[in-house]
Amino acid sequence: MNTPNTGATQYPAKTSAETYIDADSHTKLYQQSLASPDEFWAEQAKRVDWIRTPSIIKNCSFAKDNLSIRWFEDGQLNASVNCLDRHLETHGEQLALIWEPDSEADAVRKFTYRQLHNAVCKLANGLKSLGVAKGDVVTLYMPMIPEATIAMLACARIGAVHSVVFGGFSPEALAGRIQDGQSKLVITADAGKRGGKRVNLKANVDEAITLCQPACVENVLVVNHCGETIALNAPRDIDYQTLVRNQSSECPAEIMDAEDPLFILYTSGSTGKPKGAVHTTGGYLVYTSLSHHWVFDYNPGEIYWCMADIGWITGHSYAVYGPLSNAATTVMYEGVPNFPDAGRLARIIDKHQVNILYTAPTVIRALMACSDEALANTSRQSLRLLGTAGEPINPEAWTWFYEKFGHSQCPILDTWWQTETGGMMITPLPGAIDLKPGSATLPFFGINAVLVDNDGQLLTGAAEGNLLISDSWPAQMRTIFGDHQRFIETYFSTFEGYYFSSDGARRDEDGYYWITGRVDDVLNVSGHRMGTAELESALAAHPLVAEAAVVGFPHSIKGEGIYAYITLTDKQAETETLRTELKQWLRKEIGPIAVADIIQWTDDLPKTRSGKIMRRILRKIAADDFDNLGDLSTLADPGVVARLIETHSNLK
Ligand code: WTA
């Protein structure tokens, strides 16, 4: 983000907030959080109900040979009790969940905290009756329906580890995740609805199970959501309603150690297959609860809507665990923001009188592109705060969102974080931190962000470099499921003694951070993380593809688009038909989020003499940035660059 530093502005905010803190108290508390982490976090841990209060607060070291990340380790608690039971006395009849269906013609569903508690207990008992026990991994492949939240909390209640796989992933991608977690149970629905279309989830699960060799899945629990007549393959497949109908609505919660795993969530890295990020119970809950409270300044009675799908970390931390632990009333939406037209998002806000909205830059850019339609016939006056996450927000989108969507009344909270971090890391706090459009502003309590150059030299003052975190925070992921060595190598080896985010950032003279994007080979397409290695091996699996190299390029709506350079085994096959077929192939292998925007045929790729593809050059060509290709002398065949540029230019 090359925006000039325009100075921080105190954007006017609507009043009503009781939890706002001013800038001075914020600075003091932030400094205390770094200087005395044990004291600070012992105090913050009180916002969670513990079965046994922790006496050991922080036991962490980022030393490569002595990596230890343990928080509140002698504490015991249960996440579902914190999200449900403890609210029953005071908030039992308050709404916990308002579900908005894909089609405006369908009925809204609502759950009070008591109703949600009942539903979770019934399912938890049902899961137990299927033999699911503490520590078992349960895969969820669900549409955005209340049963998805219920299933997550039911797993948490009995100590099962949920592994939610985004419903847009293909059977192949789902199979890889089921297999990695050795899940015995998959929870799914007959189908999901998105933008008026059906997504046949159960059929995908069936296919995924046939791909899991050796077989591990024993049961599939199916929610009848769309009323599709689907074949239930007895005794493996079980109807959700039938299972829960006669279960008791009381289910004692499993006592969990703070460091017992709560969930696994797969995310893409720059190499190899997706990594199962393991998050544990105590630290994760304290941190997501605290950050939800401070960043969204949630006041009792307010309506809070996080639009993220529960298949992503934002859905876990800020649609489920953070808000429900704070007894918030949440909105869950089944569909897409611009169906049946771009005005849908604003209509949902008016319909449910949403006060706090958490969304993604790609959604804002898509709506901004049809601004009149996006704002038509709605007031959006209920809004008080607007948040974004997942990718850099460009100042134009920020300004449109602030001025047009929020009537210049709602501060925009641009929150930087990652699947690995569990919760927000660099973020404004309403009232305490003035804003600059395009900047995620300052680190959250307890977060010591630093910048280093490529040699690991610490950069001070205004600077640009690799973004690292110098000490642990409670919601940090603890390991990669089944591969602790990979965890150490990925995050703690490049710059020893630090957690490496793989993002670049600029810090300005006010100490504000401006995230510049990934410095590794991970693409961020519409806020979805995709490893180039995954995309390339999927393309290379096609019989006609000899070699594929994938890079990102700037895209006005998606942030980044997918650009694939492909060498075929037979040059005669370079046709439009094959181009279309390869795009479909990629969707099938990975899922509908993997849309190759541009495929360029090439006989050769720019490689070093040792055979390594120089992606830097491919990225520049894809971005039409030919002037600054850097040193080409290390290429085995420097002539390849001119040929690539020529074909690229003819493509346009
Ligand atoms: C990017 C999503 C700029 C970043 C919560 C990070 C952002 C990756 C922001 C993690 C932001 C996230 N500004 N970039 N506010 N938030 N990112 O794991 O590149 O799906 O590394 O977590 O998204 O994506 P993930």
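- As annotated in an unreviewed UniProt entry, the protein carries the name Acetyl-coenzyme A synthetase and comes from Zhongshania borealis.
- What UniProt records for the protein under Sequence similarities (unreviewed entry) is the sentence "Belongs to the ATP-dependent AMP-binding enzyme family."
- The UniProt entry for the protein carries this comment under Cofactor (unreviewed entry): "Mg(2+)".

### Comments concerning the side chain of Asn355
Thinking step 1. Mapped onto the elements, Asn355 comes out in the loop between α12 (344-352) and β18 (356-359).
Thinking step 2. Among the polar contacts listed, one links the side chain of Asn355 to the backbone nitrogen of Ile303, at a separation of 2.7 Å.
Thinking step 3. A polar side-chain atom of Asn355 sits 3.1 Å from the main-chain carbonyl oxygen of Ser382.
Thinking step 4. Once residues within four sequence positions are removed from consideration, Asn355 is found in contact with Glu302, Ile303, Ser382, Leu383, Arg384 and Leu385.

### Quick word on the UniProt feature "binding site: ATP" (unreviewed entry) in the protein
Thinking step 1. Taking the numbering used here, the UniProt-annotated feature "binding site: ATP" (unreviewed entry) corresponds to Gly390, Glu391, Pro392, Asp414, Thr415, Trp416, Trp417, Gln418, Thr419, Asp503, Arg518 and Arg529.
Thinking step 2. Along the chain, Glu391 falls in the loop between β19 (385-389) and α15 (395-405).
Thinking step 3. If near-sequence neighbours (up to four positions away) are discounted, Glu391 is found in contact with Pro361, Thr362, Arg365, Asn524, Ser526, Gly527, Lys558 and Gly559.
Thinking step 4. Here the side chain of Glu391 touches Arg365 through a polar contact of 2.8 Å, side chain to side chain.

### Quick notes on the site of the ligand
Thinking step 1. Around the ligand, 16 residues are found, and the nearest of them are Asp414, Thr415, Thr419, Asp503 and Arg529.
Thinking step 2. Separating a nitrogen atom of the ligand from a backbone N or O atom of Pro392 is a distance of 3.4 Å.
Thinking step 3. Across the complex, the protein chains shield 97% of the 530 Å² of accessible surface that the ligand would expose by itself.
Thinking step 4. When contributions to the shell around the ligand are tallied by element, the ones reaching two or more residues are α11 (313-325), β20 (412-415) and β26 (513-518).

### Some words on the environment of Thr362
Thinking step 1. The residue Thr362 is located in helix α13 (residues 361-368) in this model.
Thinking step 2. Relative accessible area serves as the criterion here: at 12%, Thr362 is assigned to the buried category.
Thinking step 3. Counting along the chain gives 155 residues from Thr362 to Glu207, while the straight-line C-alpha distance between them is 31 Å.
Thinking step 4. Residues in contact with Thr362, not counting those within four places in the same chain, are Glu391, Ser526, Ile557 and Lys558.
Thinking step 5. There is a polar contact of 3.1 Å between the side chain of Thr362 and the backbone oxygen of Ile557.

### What about the layout of surface pockets?
Thinking step 1. Computed from the structure, the second largest pocket encloses a volume of approximately 340 Å³.
Thinking step 2. For the second largest pocket, the lining is made up of 15 residues, of which Ala173, Gly176, Arg177, Lys273 and Pro274 are closest to its centre.
Thinking step 3. Contributing elements (two or more residues each) for the lining of the second largest pocket: α7 (171-181), α17 (532-540) and α18 (576-590).
Thinking step 4. Per-element tally for the lining of the second largest pocket: the top contributor is α7, with 5 residues.
Thinking step 5. Among the residues making up the lining of the second largest pocket, the classes are represented as 6 nonpolar, 3 polar and 6 charged.

### A few points about the UniProt feature "binding site: CoA" (unreviewed entry) in the protein
Thinking step 1. The UniProt entry lists Arg194, Gly195, Gly196, Lys197, Thr314, Asn338, Ser526 and Arg587 under the feature "binding site: CoA" (unreviewed entry), expressed in the numbering used here. A maximum C-alpha distance of 24.1 Å among these annotated residues, which run over 394 residues, shows that they spread across the structure rather than meeting at one spot.
Thinking step 2. Along the chain, Gly195 falls in the loop between β9 (192-194) and β10 (197-199).
Thinking step 3. Setting aside anything within four residues of it in sequence, one finds Gly195 in contact with Asp102, Val336 and Phe339.
Thinking step 4. Along the chain, Gly196 falls in the loop between β9 and β10.
Thinking step 5. Exposure remark for Gly196: the relative accessible area of 55% places this residue in the exposed category.
Thinking step 6. Setting aside anything within four residues of it in sequence, one finds Gly196 in contact with Asp102 and Phe339.

### With respect to the environment of Tyr266
Thinking step 1. Relative to the helices and strands, Tyr266 is located in strand β14 (residues 261-267).
Thinking step 2. Judged by its relative accessible area of 8%, Tyr266 is buried.
Thinking step 3. For the pair Tyr266 and Ser163, spaced 103 residues apart in the sequence, the C-alpha separation amounts to 7.8 Å.
Thinking step 4. Setting aside residues up to four positions removed in sequence, Tyr266 forms contacts with Ser163, Arg177, Asp180, Gly181, Pro274, Lys275, Gly276 and Phe481.

### Details of the sheet that holds strand β21 (residues 449-452)
Where strands meet in a sheet, backbone hydrogen bonds hold them as pairs that are either parallel or antiparallel.
Thinking step 1. In space, the 5 strands of this open sheet follow the order β22-β21-β23-β25-β26, with antiparallel pairing throughout. Two strands bound the open sheet, and with one partner strand each, they are β22 (458-459) and β26.
Thinking step 2. Note: β21 against β22, 2 bridges, orientation antiparallel. Looking at the pairing, Leu451 lines up with Leu459 of β22.

### Some points on the packing of aromatic side chains
Thinking step 1. For the coordinates displayed, the defined rule picks out 33 aromatic pairs.
Thinking step 2. Counting every residue linked through ring pairs, the aromatic cluster contains Phe40, Trp41, Trp50, Trp71, Phe72, Tyr287, Trp294, Phe444 and Phe445.
Thinking step 3. Over the face of the ring belonging to Trp99 we find Arg109, whose NZ or CZ atom lies 5.9 Å from the ring centre.
Thinking step 4. In this structure, Lys436 is placed above the aromatic ring of Tyr512, and the distance from its NZ or CZ to the ring centre is 4.5 Å.

### Overview of the pairing of strand β29 (residues 545-555)
The side chains of a regular strand alternate between both faces of the sheet.
Thinking step 1. With 10 bridges connecting them, β29 and strand β30 (residues 559-568) associate as antiparallel partners. Looking at β30, one finds that Pro554 is bridged to Glu560.
Thinking step 2. Joining the antiparallel neighbours β29 and β30 is a turn of 3 residues.

### Digging into the sheet that holds strand β24 (residues 479-480)
Thinking step 1. The 8 strands are arranged β12-β11-β8-β6-β7-β14-β15-β24 in an open sheet whose pairing can be described as mixed. With one partner strand each, in any of the chains shown, β12 (237-239) and β24 form the two edges of the open sheet.
Thinking step 2. Of the strand pairs in this sheet, strand β8 (residues 185-189) and strand β11 (residues 219-223) are connected by 5 bridges, and their pairing is parallel. Considered in β11, the bridge of Thr188 is made with Val222.

### Concerning the nonpolar core
Thinking step 1. Among the nonpolar cores identified, the biggest contains 163 residues, and Leu116, Leu123, Leu127, Tyr321 and Ile566 are the most heavily contacted of them.
Thinking step 2. Here the element with the most residues in this core is helix α6 (residues 146-158); it accounts for 9 residues.
Thinking step 3. Sequence-distant contacts of Tyr321, that is, excluding residues within four places in its chain, are made with Ala79, Cys83, Met152, Leu153, Ala156, His162, Leu262, Tyr284, Leu285, Thr288 and His316.
Thinking step 4. Formed by 31 residues, the second largest nonpolar core is a distinct cluster that contains Leu345, Ile349, Leu386 and Ala397.

### So, empty space enclosed by the protein
Thinking step 1. What the rule picks out here adds up to 4 cavities of 30 Å³ or more.
Thinking step 2. Roughly 90 Å³ of volume is contained in the largest cavity.
Thinking step 3. Lining the largest cavity are Ala96, Leu97, Met144, Thr149, Cys306, Ile310, Ala319, Val320, Leu324, Thr330, Val331 and Met332.
Thinking step 4. Of all the secondary structure elements, the ones that give two or more residues to the lining of the largest cavity are β4 (95-100), α11 and β17 (329-333).
Thinking step 5. Grouping the amino acids of the lining of the largest cavity by side-chain chemistry returns 10 nonpolar, 2 polar and no charged.

### Considerations on α15
Thinking step 1. Pro395, Ala397, Trp398, Trp400, Phe401, Tyr402 and Phe405 are the residues of α15 that are buried.
Thinking step 2. Those residues of α15 that are buried lie in contact with α12, β18, α13, α14 (371-375), β19 and β20.
Thinking step 3. Where α15 terminates, the next one or two residues include His407, which has phi positive at roughly 55°.

Conventions adopted
Residues numbered from 1 in each chain as written. Predicted model: local features only at pLDDT ≥ 70, side-chain atom pairs only at ≥ 80, totals over all residues. Heavy atoms only, no water. UniProt positions renumbered as here; feature names shortened; annotations may be inferred. Helix = DSSP H or I, 4+ residues; strand = E, 2+ residues; numbered from the N terminus. Polar contact = N/O pair within 3.5 Å; in protein donor to acceptor, adjacent residues only side chain to side chain. Contact = heavy atoms within 4.5 Å. Near = heavy atom within 4 Å. Areas by Shrake-Rupley, 256 points an atom, 1.4 Å probe, with all protein chains shown as cover. Buried < 20%, exposed > 50% of the residue type's maximum accessible area, 1.4 Å probe, protein only. 1 Å grid on protein atoms, 1.4 Å probe; cavity = no way out; pocket = protein on both sides within 12 Å on 5 of 7 lines; lining within 4 Å. Points joined across faces, edges and corners; volume = space filled by probe spheres on them. Nonpolar A, V, L, I, M, F, W, Y, C, P; charged D, E, K, R; others polar. Pairing = 2+ DSSP bridges. Phe/Tyr/Trp six-rings, centres within 6.5 Å; stacked < 30°, edge-to-face > 60°. Lys NZ or Arg CZ within 6 Å of the ring centre and 35° of its normal. Core = buried A, V, L, I, M, F, W, Y, C linked by side-chain atoms within 4.5 Å.

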